[in-house]
Amino acid sequence: MRVGRVVGVEEFPEARVPAWKLEIDFGPEIGHKRSSAQISHYPREELEGRLVVAVVNFAPKRIGPFLSEVLVLGALDDAKGVILLRPDEDVELGDRIA
């Protein structure tokens, strides 16, 4: 698991469940990766620039026409849906989660 920063957010109208296409920067070692995330209750403005925690060593998964390369992590809240995990403070992009 590594820390990344969301640098791009696109709509994903082809998804069966409402989702965003995210581009996440994990720093120079890992680079930019893409993810499909079912977090539609977050507005685009709240996602752009946000630190996230993701699993980066899973095999890519095709979701319709989109290839999701990492799994963004969150806690499941019955009322709100997925609440994204993030560090409390700024850390270096690509830092490992211990």
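Peer 1: Help me out: how do you make sense of the nonpolar core in this one?
Peer 2: Side chains of a nonpolar character, in soluble globular proteins, are inclined to be buried together. The biggest cluster of nonpolar side chains holds 15 residues, and the ones touching the most others in it are Leu22, Ile24, Ile39, Leu47, Val72 and Leu84. Of all the elements in the fold, those that place two or more residues in this core are strand 1 (2-11), strand 2 (20-25) and strand 4 (51-55). Among the elements that line this core, the one with the most residues is strand 2, at 3 residues. When near neighbours in sequence (up to four residues on either side) are disregarded, Leu84 contacts Ile39, Tyr42, Leu47, Arg50, Val52, Val72, Leu73 and Gly74.

Peer 1: Teacher, can you tell me more about the pattern of salt bridges here?
Peer 2: Tallying each qualifying case throughout the model produces 4 salt bridges. Asp90 is the partner of Arg5 in a salt bridge, and the nearest nitrogen-oxygen pair spans 4.0 Å. You can see Arg5 sitting in strand 1 and its partner Asp90 sitting in the segment after strand 9 (81-84), a full 85 residues away along the chain.

Peer 1: Is there a simple way to explain the layout of surface pockets in this structure?
Peer 2: To find leftover empty space, one rolls a probe the size of a water molecule over the atoms. In this structure, the largest pocket spans a volume of roughly 540 Å³. Together, 25 residues line the largest pocket, and Ser36, Gln38, Ile63, Ser68 and Leu71 are the ones closest to its centre. For the lining of the largest pocket, the element with the highest residue contribution is strand 3 (residues 32-37), accounting for 3 residues. Residue classes in the lining of the largest pocket are distributed as 15 nonpolar, 6 polar and 4 charged.

Peer 1: Any chance you could explain the sheet that holds strand 7 (residues 71-72) here in plain terms?
Peer 2: Note: strands within a sheet are paired through backbone hydrogen bonds, in either parallel or antiparallel orientation. In space, the 5 strands of this open sheet follow the order 3-2-1-4-7, with antiparallel pairing throughout. Because the sheet does not close on itself, it has two edges, and the strands there are strand 3 and strand 7.

Peer 1: How should I be thinking about the pairing of strand 2 in this particular structure?
Peer 2: Remember that side chains alternate between the two faces of the sheet whenever the strand is regular. The element strand 2 is largely enclosed, with a buried count of 5 among its 6 residues. Where strand 2 lies against strand 3, 6 bridges are found, and the strand directions are antiparallel. The partner of Lys21 across the bridge, within strand 3, is Ser36. Connecting the antiparallel pair strand 2 and strand 3 is a turn made up of 6 residues, with Gly27 showing a positive phi of about 85°.

Peer 1: Where do I start with the side chain of Lys21 in this structure?
Peer 2: Along the chain, the position of Lys21 falls in strand 2. Of the side chains with opposite charge, Glu14 comes closest to the buried, unpaired Lys21, at an N-O distance of 4.1 Å. Excluding residues within four positions of it along the chain, Lys21 makes contact with Gly8, Val9, Glu10, Glu11, Phe12, Glu14, Arg34, Ser35 and Phe66.

Cut-offs used in this document
- Residues numbered from 1 in each chain as written.
- Predicted model: local features only at pLDDT ≥ 70, side-chain atom pairs only at ≥ 80, totals over all residues.
- Heavy atoms only, no water.
- Core = buried A, V, L, I, M, F, W, Y, C linked by side-chain atoms within 4.5 Å.
- Buried < 20%, exposed > 50% of the residue type's maximum accessible area, 1.4 Å probe, protein only.
- Helix = DSSP H or I, 4+ residues; strand = E, 2+ residues; numbered from the N terminus.
- Contact = heavy atoms within 4.5 Å.
- Salt bridge = Lys/Arg side-chain N within 4 Å of Asp/Glu carboxyl O.
- 1 Å grid on protein atoms, 1.4 Å probe; cavity = no way out; pocket = protein on both sides within 12 Å on 5 of 7 lines; lining within 4 Å.
- Points joined across faces, edges and corners; volume = space filled by probe spheres on them.
- Nonpolar A, V, L, I, M, F, W, Y, C, P; charged D, E, K, R; others polar.
- Pairing = 2+ DSSP bridges.
- Lys, Arg positive; Asp, Glu negative; His and termini not counted.

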